[in-house]
Amino acid sequence: MKQATHKMKSTAPDERAARCERILAQLRMGDISKIARRMGVTRIWVSYVLHGKGVSEPVLRTAEALLAKRKVGLLFEETAN
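Remember, it's a predicted structure, so these values are computed and weren't measured experimentally.

Reading the values: rules and limits
Residues numbered from 1 in each chain as written. Predicted model: local features only at pLDDT ≥ 70, side-chain atom pairs only at ≥ 80, totals over all residues. Heavy atoms only, no water. Salt bridge = Lys/Arg side-chain N within 4 Å of Asp/Glu carboxyl O. Helix = DSSP H or I, 4+ residues; strand = E, 2+ residues; numbered from the N terminus. Buried < 20%, exposed > 50% of the residue type's maximum accessible area, 1.4 Å probe, protein only. Contact = heavy atoms within 4.5 Å.

Visitor: I'd like a description of the pattern of salt bridges, backed by residues and values.
Guide: If charged atoms from side chains of opposite charge come close, those side chains can pair. Overall, the coordinates contain 3 salt bridges when judged by the stated rule. When the shortest N-O distance is used, the salt bridge between Glu57 and Arg19 registers 3.0 Å. Of this pair, Glu57 sits in helix 4 (residues 57–80) while Arg19 sits in helix 1 (residues 13–26), and the two are 38 residues apart along the sequence. By relative accessible area, Arg19 is classed as buried at 8%. Its salt-bridge partner being Arg70, residue Asp31 comes within 2.8 Å of it at the nearest N-O pair. Placement of Asp31 in helix 2 (residues 31–39) and of Arg70 in helix 4 is noted, with a sequence separation of 39 residues between them. Three or more residues are tied together by salt bridges with common partners; here these are Arg19, Glu57 and Glu64.

Visitor: Lay out the side chain of Ser56 with the relevant residues and their values.
Guide: Secondary-structure assignment places Ser56 in the loop between helix 3 (43–50) and helix 4. With residues up to four places along the chain from it excluded, the contact list for Ser56 reads Trp45 and Val49.

What follows is the structure, encoded as structure tokens:
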């Protein structure tokens, strides 16, 4: 059987670590659970990825999307007042 190859931008370990630090600094209580539910993985796996013990680009993208959505929501609330 032929393996499917995905051409994704490879992330250097230093760049990935910096992304994880940025994400962790902005997470709130319960966010790891939300990310895990959206991804269909365990909270432990999400925690491992965010602390650099595992590698999962989809988990990082989901975390960044959650934070971006929150930021847009907060900006919308500020402009509405």
